[in-house]
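The primary structure of each chain is shown beneath.
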Amino acid sequence: MEVNTIAVIGAGAMGNGVAQVSAVAGYTVVLNDISEEALKRAMATIEKNLNKLASKGKIAEADVSSAISRITVTTDLAEACKDADLLVECVFENLELKKKMFAEFERLCKPEAILGTNTSAIPVTEIASATTRGDKVIGIHFMNPVPLMKGVEVIRGQLTSEETMQATLDYIKKIGKESAIAVDFAGFIVSRLLDVLMNEAVKLVQEGNSPEDIDKAMRLCAGHPMGPCTLLDLVGAEIAMHGMETMERDFGDRYKPHPLLKKRVLAGLLGQKSGKGFYDYEK
Ligand SMILES: NC(=O)c1ccc[n+]([C@@H]2O[C@H](COP(=O)([O-])OP(=O)(O)OC[C@H]3O[C@@H](n4cnc5c(N)ncnc54)[C@H](O)[C@@H]3O)[C@@H](O)[C@H]2O)c1
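This is a predicted model, so every value here is computed, not measured.

Comments concerning helix α11 (residues 237-251)
- The end-to-end C-alpha separation of α11 is 21 Å, in line with the 21 Å expected for 15 residues at 1.5 Å each.
- Where α11 is concerned, the buried positions are Ala 237, Glu 238, Ile 239, Ala 240, Met 241, Gly 243, Met 244, Thr 246, Met 247 and Glu 248.
- The inward-facing, buried residues of α11 contact α8 (190-206), α10 (228-235) and α12 (259-266).
- Directly beyond the C-terminal end of α11, a positive phi value near 100 degrees is found at Gly 252.

Things to note about the side chain of Asp 33
- By the element assignment, Asp 33 lies in the loop between β2 (28-32) and α2 (36-55).
- Buried charge without a salt bridge: Asp 33, with Arg 41 as the nearest opposite-charge side chain at an N-O distance of 7.1 Å.
- Separated by 2.7 Å, the side chain of Asp 33 and the backbone nitrogen of Ala 11 make a polar contact.
- Only 2.9 Å separates the side chain of Asp 33 from the backbone nitrogen of Ser 35, close enough to count as a polar contact.
- Setting aside chain neighbours within four positions, we find Asp 33 in contact with Gly 10, Ala 11, Gly 12, Ala 38, Leu 39, Thr 74 and Thr 75.

Re the sheet that holds strand β4 (residues 86-89)
- With respect to topology, eight strands assemble into an open sheet ordered β3-β2-β1-β4-β5-β6-β7-β8, the strand pairing being mixed. If you trace the sheet from one side to the other, it starts and ends with β3 (71-74) and β8 (178-182), each paired once. Across the sheet, the mean angle separating the axes of adjacent strands is 25 degrees when strand polarity is ignored.
- Here β4 runs beside strand β5 (residues 114-117); their pairing, made up of four bridges, is parallel. By the bridge assignment for β5, Val 88 is matched with Gly 116.

Quick notes on the domain arrangement of the protein
- Structurally, the protein comprises domain 1 (5-182) and domain 2 (190-266).
- For domain 1 versus domain 2, the distance between C-alpha centres works out to 26 Å.
- At the interface, twelve residues of domain 1 touch ten residues of domain 2.
- For the pair domain 1 and domain 2, the two sides together bury roughly 840 Å², of which 59% comes from carbon and sulfur.
- Across the contact surface, domain 1 and domain 2 share one salt bridge.

Procedures and definitions
Residues numbered from 1 in each chain as written. Predicted model: local features only at pLDDT ≥ 70, side-chain atom pairs only at ≥ 80, totals over all residues. Heavy atoms only, no water. Helix = DSSP H or I, 4+ residues; strand = E, 2+ residues; numbered from the N terminus. Expected span 1.5 Å × (residues − 1). Buried < 20%, exposed > 50% of the residue type's maximum accessible area, 1.4 Å probe, protein only. Contact = heavy atoms within 4.5 Å. Lys, Arg positive; Asp, Glu negative; His and termini not counted. Salt bridge = Lys/Arg side-chain N within 4 Å of Asp/Glu carboxyl O. Polar contact = N/O pair within 3.5 Å; in protein donor to acceptor, adjacent residues only side chain to side chain. Pairing = 2+ DSSP bridges. Axes fitted to C-alpha atoms, helices over the stretch in contact; angles between N-to-C directions. Domains from an automatic or database assignment. Buried area = accessible area lost by both parts, 1.4 Å probe.

Dropping the structure here:
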């Protein structure tokens, strides 16, 4: 099937990035959120990112305005869904919310539309169970920050059709990214490994290690491009906690989120998105 129009549902940290890369690749994009404020913030972020790319000569000046003109924003979900050939859901990491959204997508999208979820850890088949269109549902797990990260994890649900898989792989290629295909179990590949690393880093902090030293050790001794405390601040503590909870539910206690991780989420120390995590982003 031909994909021309992309609906991005949820305009937070991930949604604005998905909208940006899709528009730059030439797709018509409809960006939806329940919050007007989130839509305003998302468009400001996209504009800032594109201008930065243009100032570094990575895209032409003219492409900035044409990419922006391909994005429309709306708080009306029906409006966002009606013309979508491919939808990427980027709302909060909450199973009940995602199931409710997918039941709505089934009602509001064309029967042939591909329904993608950017979930970090929830099995795609579980989200697809809220619809009668399991063949159209697929995991399209973008990485943060979306414009900079080359890889996208693609997860085939139990009923995902070959046609849906192929159209999704074509979309990922067209936006200049590469796919890694993962089996549909909680956490897939990326969150299964990274959430555990970040959860352990929280334990190390509780045991008295400083975030700076943990990060330095993993950068300089293990060759990681970014330490796990910085990574947790980038991802958002609540995203890692929900990922661990999904994996704990399916695989048992070894995936239990550390109590200090939960406490940090309750305290709003989410990282970059709340302005404070292990490091301070308000300055
Ligand atoms: N942050 C990351 O590093 C990362 C990486 C990969 C995948 N993800 C996944 O992407 C999804 C979004 O994460 P995020 O970090 O962008 O979250 P976020 O909190 O930054 O943004 C979520 C957005 O969804 C909106 N929203 C909530 N309910 C909605 C509804 N009913 N309709 C429309 N919009 C609604 C919120 O207003 C908010 O703007 C989650 O499933 C998360 O696990 C996150």
